[in-house]
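Each chain, letter by letter, is given below.
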Amino acid sequence: MEFTEKADREGGKPIEIVVRDLNVNGFITNQDLGTSQFFAPCVFYTSFSLPSKKRDSKRQDNGALLSGENNTVAPITSQRKAMLIFMCIPVGPGKSRLIFVSLRNFAVWIDRIIPRWMFHVGQNLILDSDLYLLHVEERKILDVGPSNWQKACFVPTKSDAKVVAFRRWLNKYSDGQVDWRGKFNGILPPSPPKEQLMDRYWSHVVNCSSCRVAYKGLNALEVVLQVISIASLGIFAATKQSLVSGAARVLMVAMAILCFAASRWLSHFIYKNFHFHDYNHALR
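These notes cover the structure that comes with them. (Residues numbered from 1 in each chain as written. Predicted model: local features only at pLDDT ≥ 70, side-chain atom pairs only at ≥ 80, totals over all residues. Heavy atoms only, no water.)

### Structural notes on the pairing of strand β3 (residues 34-39)
- A one-sided burial pattern is seen for β3, the buried positions being Gly34, Ser36 and Phe38 and the unburied ones Thr35, Gln37 and Phe39.
- Pairing between strand β2 (residues 26-31) and β3: five bridges, direction antiparallel. Looking at the pairing, Gly26 lines up with Phe39 of β3.
- Counting the residues in the hairpin turn of β2 and β3 gives two residues. (Buried < 20%, exposed > 50% of the residue type's maximum accessible area, 1.4 Å probe, protein only. Helix = DSSP H or I, 4+ residues; strand = E, 2+ residues; numbered from the N terminus. Pairing = 2+ DSSP bridges.)

Here's what the structure looks like:
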């Protein structure tokens, strides 16, 4: 009887990850689509190749015509590759600075059309959701001791292999924790309110030129919408009914309502994407 592996309701499947060459310099992992490597102590990168995309063409990339016995067109195969590079640098107990870059050799035209801040909205949502989970996990690990981290974390799946490998490296070569060399005592600070812990403005927006410009522009647009809403109502109230048609008066009221509603929605959008976006793992 042949066994066929099926995906779950959300399309998820087990990820086969093989860890090798774990030593003081880090470790390497292999999986179906690519390779990852941890460069101790703060750099991690992963590269993967997507299924090749074939396209028919009468010319090669260098402009030469393709020819054959039957003058057929040969397929050109272009391998699509992508890479993610993370640099996570501890700057104090419970605090790290994360720098990452995403590279690819396909669909690069998207970056020329869509502003960077729109990509950052989605990326920050992922980082914020991980941030709170790691914040809680860090304190649970401290309670049981770094060498007993398995008692605080449940990592049953094959895709957790990288987490387990990092913990093995940290325990073996760094005694399970960051060596602050006397600069800090290693005691974690008290947990701040969630809004402060996951504040996106001071952690990202003020340091990102694209998000900073978008934030200022969207705030200005919110003010413009409010001015238009108030001005429309003012004109409606000041204009004599005999001088303006009924349709025009209805239009002014409708414009005032729409602009006010748009300004309220925009205010919520700005706060949620540039200040604080709550995330509850229990509901995900």
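That shown, we press on.
### Points about the packing of aromatic side chains
- With the rule as written, the count across this model stands at 13 aromatic pairs.
- A centroid spacing of 5.3 Å and a plane angle of 40 degrees characterise the contact between Phe27 and Phe38, whose relative ring orientation is tilted. Of this pair, Phe27 sits in strand β2 while Phe38 is found in strand β3, placing the two residues 11 residues apart along the sequence.
- Consider the rings of Trp180 and Phe184, whose centres lie 5.2 Å apart with planes at 85 degrees: the pair is edge-to-face.
- On the accessibility criterion, Trp180 (18% relative accessible area) is buried.
- The exposure class of Phe184 is partly exposed, given its relative accessible area of 32%.
- Every member of this aromatic cluster is reached through a ring pair, and the members are Phe27, Phe38, Phe166, Trp169 and Tyr173.
- The positively charged end of Arg80 is found above the aromatic ring belonging to Phe106, 5.6 Å away from the centroid.
- Cation over ring: Lys194 sits above Tyr132, and NZ or CZ is 4.4 Å from the ring centre. (Phe/Tyr/Trp six-rings, centres within 6.5 Å; stacked < 30°, edge-to-face > 60°. Lys NZ or Arg CZ within 6 Å of the ring centre and 35° of its normal.)

Scope: geometric values only; no functional claims are made or implied.
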